[in-house]
Amino acid sequence: MTTKVMEGTHAISHAVTLSRARVIAAYPITPSSGVVELLSEMCADGRLDARFVAVESEHSALATCAGASQTGLRAFTATSSHGLAYMHEMLHWCAGARLPIVLADVNRAMGSPWNIFADQSDSLSQRDTGWIQYYCENNQEVLDTIIMAFRVAEQVLMPAMVCLDAFFLSHTSEPVAIPDQKVVDGYLPPFAPPYGLAPDDPRAFGGLPSGDGYMELRARMERSMQDAVGVAETAAHEFADTFGRYHPIVETYRSEDADLLLVTSGTIAGTARAVVDARRDAGQKVGMVKIRLFRPFPFAAIRQTLGGAKKLAVIDRNLSFGHGGIMASEIRSALCNRPSAPVVFSYIAGLGGRDVTPAAIDDVISATEAVDRPESDTLWVGLKE
Amino acid sequence: MSPRPTLSVSIRALERAPAGTPMSVSLRSTRDLATGNWRTFRPTYVTRPSPCNLDCPAGTDVRAFLALAAEGDAAAAWRTIREHNPLPGVCGRVCYHPCEHACNRVALDEPIAVHAIERAVANEAMAANLSAGPPAGASQTPIAVVGAGPAGLSAAHHLARRGYAVTVFDEMPEPGGMLRYGIPAYRLPRAVLDGEIGLLRAMGVRFEGGLRFGRDMGAAGLADYAATFVAIGAQRSKRGRTPGEDLAGVRSGVEFLREVNASGGSRTSGPVVVIGGGNTALDTARVLRRLGARPTIVYRRSREDMPAHPDEIAQAETEGIELVFYAAPTAFVGENGRLARVELQRMRPGAPDASGRPRPEPIPGSTFTLDAREAYTAIGEDVETDALAEIVEAANGRLRADRWGRTGHRAIFAGGDAATGAGTVVEAIGSGRRAAETIDGYLNGRDPVEAGEAERVPQSDVNVFYFGRAARVRPGLMETGDAIGGFTEVVTDLTWAQATAEAQRCLTCGSCTTCDTCLVFCPDAAIERNPLAGGYTIDLTHCKGCGICVEECPRGAMVLVPEEQR
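Reading the values: rules and limits
Residues numbered from 1 in each chain as written. Chains lettered and ligands numbered in written order. Predicted model: local features only at pLDDT ≥ 70, side-chain atom pairs only at ≥ 80, totals over all residues. Heavy atoms only, no water. Helix = DSSP H or I, 4+ residues; strand = E, 2+ residues; numbered from the N terminus. Rg over C-alpha atoms; globule rule 2.2 N^0.38 Å. Contact = heavy atoms within 4.5 Å. Areas by Shrake-Rupley, 256 points an atom, 1.4 Å probe, with all protein chains shown as cover. Lys, Arg positive; Asp, Glu negative; His and termini not counted. Charge placed at Lys NZ, Arg CZ, Asp CG, Glu CD. Buried < 20%, exposed > 50% of the residue type's maximum accessible area, 1.4 Å probe, protein only. Phe/Tyr/Trp six-rings, centres within 6.5 Å; stacked < 30°, edge-to-face > 60°. Lys NZ or Arg CZ within 6 Å of the ring centre and 35° of its normal. Axes fitted to C-alpha atoms, helices over the stretch in contact; angles between N-to-C directions. Parallel < 35°, antiparallel > 145°, perpendicular 65-115°, else oblique. Left-handed = near helix turned anticlockwise from the far one by under 90°. Patch = residues over 30% accessible without salt bridge, like charges linked within 9 Å, V, L, I, M, F, W, Y side chains within 5 Å. Salt bridge = Lys/Arg side-chain N within 4 Å of Asp/Glu carboxyl O. Buried area = accessible area lost by both parts, 1.4 Å probe. Polar contact = N/O pair within 3.5 Å; in protein donor to acceptor, adjacent residues only side chain to side chain. Pairing = 2+ DSSP bridges. Right-handed = clockwise from strand over helix to strand, strands pointing away. Expected span 1.5 Å × (residues − 1). Bend = angle between axes of the 7 residues up to and from the residue. Nonpolar A, V, L, I, M, F, W, Y, C, P; charged D, E, K, R; others polar. Disulfide = S-S within 2.5 Å.

Regarding the overall build of chain A
And step 1. Helices and strands together make up the secondary structure of chain A, namely 13 helices and 15 strands.
And step 2. Its C-alpha atoms give chain A a radius of gyration of 21 Å, within 12% of the compact-globule value 21 Å for 385 residues.
And step 3. Taken along the three principal axes of its C-alpha coordinates, chain A extends 70 × 50 × 45 Å.
And step 4. Contacts in chain A between residues at least 24 apart in sequence constitute 80% of all its contacts with a sequence separation of at least 6.
And step 5. Per element, the accessible surface of chain A, about 15700 Å² overall, is 53% carbon and sulfur.
And step 6. Computed over 33 positive and 45 negative side-chain charges, the separation of the two mean positions in chain A equals 3 Å.

A short note on the overall build of chain B
And step 1. Assigned secondary structure in chain B consists of 18 helices and 22 strands.
And step 2. Whereas a compact globule of 566 residues would reach a radius of gyration of roughly 24 Å, chain B reaches 32 Å, over 25% beyond that.
And step 3. Overall, chain B is about 145 × 60 × 45 Å in size when its C-alpha atoms are taken along their principal axes.
And step 4. Sorting the 566 residues of chain B into buried and exposed places 50% on the buried side.
And step 5. Long-range contacts, defined here as pairs at least 24 residues apart, represent 71% of the contacts in chain B between residues at least 6 apart.
And step 6. Accessible area of chain B: about 26200 Å², with a carbon and sulfur share of 50%.
And step 7. The average position of the 61 basic charges and that of the 67 acidic charges among the side chains of chain B differ by 3 Å.

Observations concerning the side chain of T9(A)
And step 1. With respect to the helices, strands and loops of the structure, T9(A) is situated in helix α1 (residues 8-18).
And step 2. Leave out the neighbours within four places in its chain, and T9(A) touches P31(A), G34(A), V35(A) and S170(A).

Observations regarding the packing of aromatic side chains
And step 1. Using the criterion set out here, one finds 15 aromatic pairs over all chains in the structure.
And step 2. Taken together, the ring pairs in this structure connect Y135(A), F294(A), F297(A) and F299(A) into an aromatic cluster.
And step 3. The ring centre of Y187(A) lies 4.3 Å from the NZ or CZ of R151(A), which sits over that ring.
And step 4. Positioned above the aromatic ring of Y186(B), the side-chain terminus of R290(B) is 3.8 Å from the ring centre.

Notes on the packing of helix α7 (residues 139-156) of chain A against helix α9 (residues 214-243) of chain A
The geometry of a pair of packed helices is captured by two quantities: the angle between their axes and the separation between those axes.
Residues and elements named next belong to chain A.
And step 1. Remark: α7 packs on α9, axes separated minimally by 9 Å, with the N-to-C direction vectors making an angle of 140 degrees. In terms of orientation, α7 lies oblique with respect to α9. α9 is crossed by α7, and the crossing has right-handed handedness. The residues of α9 that touch α7, namely those facing D144, I147, M148, R151, V152, Q155 and V156, are S224, A228, V231, A232, A235, A236, E238 and F239.

Observations regarding a nonpolar patch on the surface
And step 1. Among the surface-exposed residues, M23(B), V25(B) and L27(B) lie close enough to one another that they form a single nonpolar patch of about 340 Å² accessible area.
And step 2. By the secondary structure assignment, M23(B) is in the loop between β1 (11-12) and β2 (41-45).

Details of the environment of T514(B)
All names here are of chain B.
And step 1. As for its placement among the helices and strands, T514 is situated in the loop between α16 (496-503) and α17 (517-521).
And step 2. T514 sits in the partly exposed class, given a relative accessible area of 41%.
And step 3. Residues T514 and G534, spaced 20 residues apart in sequence, show a C-alpha to C-alpha distance of 8.2 Å.
And step 4. Once residues lying within four places of it in the same chain are set aside, the contact partners of T514 are G535 and Y536.

Here we look at the interface of chain A and chain B
And step 1. Taken together, the contacts link 22 residues of chain A with 17 residues of chain B.
And step 2. Among the residues chain A hides against chain B, the three largest losses belong to D363(A), A370(A) and W380(A). Together they make up 32% of the total.
And step 3. Where chain A meets chain B, there are one salt bridge.
And step 4. When the shortest N-O distance is used, the salt bridge between R16(B) and E375(A) registers 2.5 Å.
And step 5. Inspection of the region where chain A meets chain B yields seven residue pairs in polar contact (both at pLDDT 80 or more).

Quick look at the sheet that holds strand β14 (residues 343-348) of chain A
And step 1. With mixed pairing, the seven strands of this open sheet are ordered in space as β9(A)-β11(A)-β10(A)-β13(A)-β14(A)-β15(A)-β1(B). Only two strands of the sheet have a single partner each, and these edge strands are β9 (250-253) of chain A together with β1 of chain B.
And step 2. Strand direction decides the pairing type here: strand β15 (residues 379-381) of chain A and β1(B), joined by two bridges, are antiparallel. If you follow W380(A) over to β1(B), its bridge partner there is R12(B).
And step 3. Contacting β9, β10 (260-264), β11 (286-291) and β13 (311-316) of chain A, helix α10 (residues 267-281) of chain A runs over the sheet at an angle of about 165 degrees to β11(A).

Notes on the pairing of strand β9 (residues 271-275) of chain B
Residue and element names in this part refer to chain B.
And step 1. Judged by how many residues are buried, β9 sits mostly within the fold: four of five residues are covered.
And step 2. For β9 and strand β10 (residues 294-298), the ladder comprises five bridges, and the chain directions are parallel. Its bridge partner being in β10, V274 is matched across the sheet by I297.
And step 3. Regarding topology, helix α11 (residues 279-290) serves as the crossover connection from β9 to the parallel β10, and that connection is right-handed.
And step 4. In this structure, β9 lies alongside strand β15 (residues 374-377), joined through four bridges in parallel fashion. Across the sheet, residue V274 finds its bridge partner in β15, namely Y376.

A short note on the side chain of D305(B)
All names here are of chain B.
And step 1. Along the chain, the position of D305 falls in the loop between β10 and α12 (310-318).
And step 2. For the buried D305, no salt bridge exists, and the shortest N-O distance to an oppositely charged side chain is 5.0 Å, to R357.
And step 3. For D305, the residues in contact, after removing those within four places along its chain, are Y299, Y326 and R357.

A closer look at the pattern of salt bridges
And step 1. For the structure on display, the rule yields 63 salt bridges over all chains.
And step 2. R127(A) is the partner of D128(A) in a salt bridge, and the nearest nitrogen-oxygen pair spans 3.6 Å.
And step 3. For D128(A), a relative accessible area of 56% puts it in the exposed group.
And step 4. Using a relative accessible area of 26% as the deciding quantity, one classes R127(A) as partly exposed.
And step 5. Among the salt bridges present, the one from R119(B) reaches D493(B), with a minimum N-O distance of 2.8 Å. Within this pair, whereas R119(B) is found in helix α6 (residues 114-127), its partner D493(B) is found in the loop between α15 (480-483) and α16, the two being separated by 374 residues in sequence.
And step 6. Look at D493(B) and you get partly exposed, because its relative accessible area is 42%.
And step 7. By sharing partners, the salt bridges in this structure join E137(A), E141(A), E251(A), R273(A), K290(A) and R292(A) into a single network.

Some remarks on the sheet that holds strand β11 (residues 322-324) of chain B
Residue and element names in this part refer to chain B.
And step 1. The strand order β8-β15-β9-β10-β11 describes an open sheet built from five strands, whose pairing is parallel. Strands at the two margins of the open sheet, each flanked by one partner only, are β8 (250-252) and β11. Sheet twist, expressed as the average angle between the axes of neighbouring strands with direction ignored, equals 25 degrees.
And step 2. In the packing of helix α10 (residues 253-263) onto the sheet, contacts are made with β8 and β15, and the angle to β8 comes to roughly 75 degrees.

Quick notes on the environment of S24(B)
And step 1. Its location among the elements puts S24(B) in the loop between β1 and β2.
And step 2. Spatially, the C-alpha atoms of S24(B) and A503(B) are 50 Å apart, while their sequence positions differ by 479 residues.

Looking at α9(A)
All names here are of chain A.
And step 1. The first and last C-alpha atoms of α9 sit 41 Å apart over 30 residues, in line with the 44 Å expected at 1.5 Å per residue.
And step 2. Taken as a whole, α9 carries its principal kink of about 30 degrees at A228.
And step 3. All buried positions along α9 are accounted for by M221, S224, M225, A228, V229, V231, A232, A235, A236, F239, A240 and F243.
And step 4. Each element contacted by the buried residues of α9 is listed here: α5 (88-96), β6 (132-135), α7, α8 (181-187) and β12 (293-295).

Structural notes on the packing of helix α2 (residues 62-70) of chain B against α6(B)
All names here are of chain B.
And step 1. Running from N to C, α2 and α6 point in directions that differ by 60 degrees, and their axes come no closer than 11 Å. Here α2 is positioned oblique relative to α6, judged by the angle of their axes. Note on packing geometry: the crossing formed by α2 with α6 is left-handed. On α6, the residues touching V62, F65, L66 and A69 of α2 are V114, I117, E118 and V121.
And step 2. Broken down by class, the residue content of the contact of α2 with α6 amounts to seven nonpolar, no polar and one charged.

Looking at the state of the cysteines
Such a bond, covalent and formed between the sulfur atoms of two cysteines, is termed a disulfide.
All names here are of chain B.
And step 1. According to the stated counting rule, one finds zero disulfides over all chains in the structure shown.
And step 2. For C546, which is in no disulfide, the shortest distance to another cysteine sulfur is to C549 and amounts to 6.2 Å.
And step 3. C553 takes part in no disulfide bond, and the closest cysteine sulfur to it belongs to C515, at a distance of 6.2 Å.
And step 4. Using a relative accessible area of 8% as the deciding quantity, one classes C553 as buried.

Written out as structure tokens, the structure reads:
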């Protein structure tokens, strides 16, 4: 194992190489371009035995990955924002075709207006396409999650998306431990799908199912997604056993006996830790819960970690227009019909990369403490006058 | 409930958020963004020579006249041609049109039929009785031109329009030279030639026929002229070294054509043999066919090696003329002092000669015979340099003159086939025009200016994507039976509508047509139409030098210039 200082994009590149991906197809888009820049170099100089396919669009990038995965090869792509939106059709297809492709999405705001900074609305607006979704807090977690994502995806035959905040991770250098290849090989077995596209065993894939089997196939997809929660938990435990780093699907921080729990994801969680520490030092019962696995939604873990608190302050760096913070609304639905469920405060913060500072998070806690119930279903943090 | 805390950031419901513009919109013009300072290359409109313009030996502005023809303006197209070439009706018919060989349109389909359009333009001008226009400023300095062929006519035209008093002398009674006494009327109707020569007369050019220099006049006869241009062409048929050439019935093709063209030919019949592969051979054979004979053309090389134009060869075959390749005469055999048959020998291609073509060599023991009471030799023509020995030196069988017609003798200039040996009407016309410029310069104390060869628009600079495919027009031909029954023109006229449509196929390489492609593509909206001067202006405050306009220009009329080189 070696430790290197690297940007989040390059942490992904190293993880993809350690995962022995065989086909990489991508179209560059800020801020994800660094991922495939380094991967293309690795393919060119032999560090990675993979075919790098430069395509003319993100749609083609994912279509290329689909073809590769269909033949039984481990496939990877990276994109961001508008690039992910352009893949939308193929996202549905890959999930329905049960192709365990791994995609790194650098969370970037959608236009109009143009904005290249951190915002989760790009990946969260793809939440219903059938992709497993992970959200990462730091670059080590990014590298580790890519490796885990391949394992989980291939076990349940569903594709997986690993999300990280634009610039706060993609372009920020942090020390990252790079595990030894042999150890990764022990954790992540070779991709061995039940069926493959091969000339000596010709099959048709994705055709109109005979006997009206569409709904049954959808039910099997959904069961696999439900199974993925447990598979992801096991993968996290075994990852910890193998590499010494534990990344639970829902992570708690000083949440024991907390009356008020901050609930968030991505890099805001890192900032929230410091605020929680300060509040705990002041003797207040404040904790934090970080949602890492968003799809499949980990209902049991959410109910278990959040159910005992009096108030939840959910901070969303995303927005469903006409509804509100997406994580908050999913948490509300998970707690619905529970006796003595906590009051959910939904905060929108940091859209388009606006800083969510320790002071702002501290303000969120203060504002949540100040009232019994929120004055509105959604509260906005830091809007300019 | 705790007391309401003091917060460092606002936290509130949207109902209490301030209102503002509903969308991201600049409140001032994008013109505030001075993107011009990003630029390292500057797009520039240029006029570059089109391949057709560069390859026209007469110097015709082909591109310009095609553009005018495309607009349907025959008169303006005609005047544009005549800026360089006073004989569009002639050239539209008999020029071998090198302009078409280099046409960039081949990147899309086929070259523009420039010759057919030129002919239609001339027809329209003749039908409209267009005048030559008055000469510029009248100096009335007298100039002599010896030889009324295409070079002499061209020089006379360009001198007359500069105001000189030009007299053209010729051995033959009527002006035209080879145009009248060499090229048959079925290729060049005499009314067309007379019409274009008539315009020279209207400009004040005088023609003195029936005067052969060195016989009927000499250097003394030129004393009254400030300068003389000599362009006597190549008239004397080359002689082979074949036994029996002196027999009755063995003739020179050129002399035969001259006789037929001067006084009409007499009916004949039976097999005749024509030796040669150039235009004289073809013309001789086709005239003989019209007079009733059954000609066979014998050429010592292949069809592809024939100097005659492929269209002419095809028409000759259609008219029933037989072609025998890789054969050469070894003897003209007579009976009772008159030709009875031609003995020939098969040839085969040997090692390449000076021209790069395989030198034909005889195949031993392969002789054969063609019965014929007449045979015509057309293996080339020599310049009768001896007639002019008094005023112009000769070298290598030609009059010695440079590209500009200067002979080394003050006031004596020479050009056309007699000096260049080029052997084409269009080269002669170009030579005559250059000589006229030189003479004008000489009389006004100026040397001719050699324009540097500008770079032509290469095919790679033409964006054929912007042009639709359109088939090249194919002028009709007379029914063969009618064609060989007389001397009516074989190739039929285009209608003016056909000519206009054909001209509209022109890509106008290297010249802006204000098609707006640059304006449409400019991502900075930095290109604007120039309503006063025409064309476009580039707003350099905003042009960031991306080069899209240059890349997209359909016709290579824009270039990028590095800012530091400007």
